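These are the residues of each chain, in order.
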Amino acid sequence: MPLPLLHGLARLFGSVLLWLPNRAARTTLRNLRTCFPELDEAVLRELARASLRHSLCAMLEMGRAWLWPMARMTGLIRESEGVDAFRRAVAAGDGVILLAPHLGNWEVFGISMCHGYPAHFLYMPPDDPALDRLLLRSRARGGLRMAAGGREGVGKLLRALRAGELVGILPDQVPADGGGVFAPFFGEAAYTMTLACKLAQRPGARVFCGYARRLPASAGFRVSIRELDLRRDKLEDAAAAMNRAIEELVRESPEQYQWEYKRFRRQRDDTEFY
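Residues numbered from 1 in each chain as written. Predicted model: local features only at pLDDT ≥ 70, side-chain atom pairs only at ≥ 80, totals over all residues. Heavy atoms only, no water.

Section: helix α1 (residues 3-19)
So, step 1. In this model, α1 (17 residues) spans 25 Å end to end at C-alpha, consistent with the 24 Å of a helix rising 1.5 Å per residue.
So, step 2. The set of residues buried in α1 consists of L3, L6, H7, A10, G14, S15 and L18. Along the axis of α1, the buried residues cluster in a sector spanning 170°; they form a single face. The outward face of α1, more than 90 degrees from its buried face, is lined by the exposed residues L12 and W19.
So, step 3. Contacts from the buried residues of α1 go to α2 (23-35), α3 (41-60), α4 (62-67) and β8 (206-214). (Helix = DSSP H or I, 4+ residues; strand = E, 2+ residues; numbered from the N terminus. Expected span 1.5 Å × (residues − 1). Buried < 20%, exposed > 50% of the residue type's maximum accessible area, 1.4 Å probe, protein only. Arc of directions from axis to C-beta. Contact = heavy atoms within 4.5 Å.)

Shown next as structure tokens:
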């Protein structure tokens, strides 16, 4: 479908989702009320509607991210900020960690930024083997290699980083037990993965964080990518710095963040948040 038509369908069904009883809408509203307590209910509901629309946009755009030829897919990026500095860092060969939070279209962002470089990206394989094969094949067409979460996948990332290559991580997923620490995210304690923070302690390693923001009128995407420093004596401080960097990006385009994800589902006292 043409992108304007695809986005039109997402806007239609996103509006319907807000009014129907469903988990995505409930979780979105719960997260927004927690992260933006200063906003009144009418503004929060409008932000929730926009968020659900953009989440549907991201789902419907996956055909382009996964199946289009690389040149055509990367052609969707119309504007950019910080990409040249990122590419220079990767070319230097000291190892770069790319953080791609669930903001805008993270598939377009991750695949396009890793294109042309030796790169490994950490991911959680889906339960459906056919979908997993599709993901591996589609992401590999640009040279990107996937590393399944777990000890073996982390080992692949570490070896790639030691070789001076590019590694990618989705940093705002709730990790398994023992894989994270609690750190502030929009003022709320969030169980935050520490893998990127540990990798960032390697000598010479550099860290960048960014996203591909959907442009108005279905005009494509603007990539924004910035360097950050995660070197801290304590993992808790490094995780807090990482969350602050993600929060800064989210505040630029809050409607394009994946608020239906249960980011705060794990609480310090094991109470039920959702």
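On we go.
Topic: helix α7 (residues 106-114)
So, step 1. Among the nine residues of α7, nine are classified as buried, and the element is accordingly described as predominantly covered.
So, step 2. Between the side-chain oxygen of the N-cap and the backbone nitrogen of E107 there are 3.1 Å, and the N-cap of α7 in question is N105. (Polar contact = N/O pair within 3.5 Å; in protein donor to acceptor, adjacent residues only side chain to side chain.)

Let's talk about the sheet that holds β8
By definition, the strands of a sheet pair up through backbone hydrogen bonds, in either a parallel or an antiparallel sense.
So, step 1. Here seven strands make up an open sheet; going across it, the order is β1-β9-β8-β2-β5-β3-β4 and the pairing mixed. The open sheet has two edge strands with one neighbour each: β1 (77-81) and β4 (144-148). The average angle at which neighbouring strand axes cross in this sheet is 25°, direction not considered.
So, step 2. Along the sheet, helix α8 (residues 129-140) makes contact with β3 (119-123) and β4, crossing β4 at roughly 145°. (Pairing = 2+ DSSP bridges. Axes fitted to C-alpha atoms, helices over the stretch in contact; angles between N-to-C directions.)

Quick look at the side chain of S112
So, step 1. Tracing the backbone shows S112 in helix α7.
So, step 2. Looking at S112, its side chain comes within polar contact range of the main-chain oxygen of V108, at 2.5 Å.
So, step 3. Ignoring sequence-local partners within four residues, the contact set of S112 consists of M73, T74, I77, R87 and E107.

A look at the pattern of salt bridges
So, step 1. Under the definition given, this model contains twelve salt bridges.
So, step 2. Between R266 and D177 there is a salt bridge, and its shortest N-O distance comes to 2.4 Å. Of the two residues, R266 sits in the segment after α11 (235-252) while D177 sits in the loop between β5 (166-169) and β6 (180-185), which places them 89 residues apart along the sequence.
So, step 3. For the salt bridge of R251 with E247, the shortest nitrogen-to-oxygen distance reads 3.0 Å. Taken together, the residues span about one helical turn, with R251 and E247 both in helix α11 at a distance of four residues.
So, step 4. Its relative accessible area of 16% is what places E247 among the buried residues.
So, step 5. Several salt bridges converge on common partners, so that one network encompasses E79, E81, R222, R226 and E252. (Salt bridge = Lys/Arg side-chain N within 4 Å of Asp/Glu carboxyl O.)

A closer look at the packing of α1 against α3
So, step 1. Closest axis-to-axis distance for the α1/α3 pair is 8 Å, and the angle between their directions is 135°. It follows that α1 is oblique to α3 by the angle criterion. Every pair of crossing elements has a handedness; the one defined by α1 and α3 is right-handed. Contacts from L6, H7, A10, R11, F13, G14, S15, L17, L18 and W19 in α1 reach R45, A48, R49, L52, R53, L56, C57 and L60 in α3.
So, step 2. Tallied by class, the residues present in the contact of α1 with α3 amount to eleven nonpolar, three polar and four charged. (Parallel < 35°, antiparallel > 145°, perpendicular 65-115°, else oblique. Left-handed = near helix turned anticlockwise from the far one by under 90°. Nonpolar A, V, L, I, M, F, W, Y, C, P; charged D, E, K, R; others polar.)

Brief notes about the side chain of T27
So, step 1. Tracing the sequence through the fold places T27 in helix α2.
So, step 2. The buried category is assigned to T27, whose relative accessible area is 3%.
So, step 3. Every residue in contact with T27, bar those within four places of it in the chain, is listed here: W259, E260, Y261, K262 and Y274.

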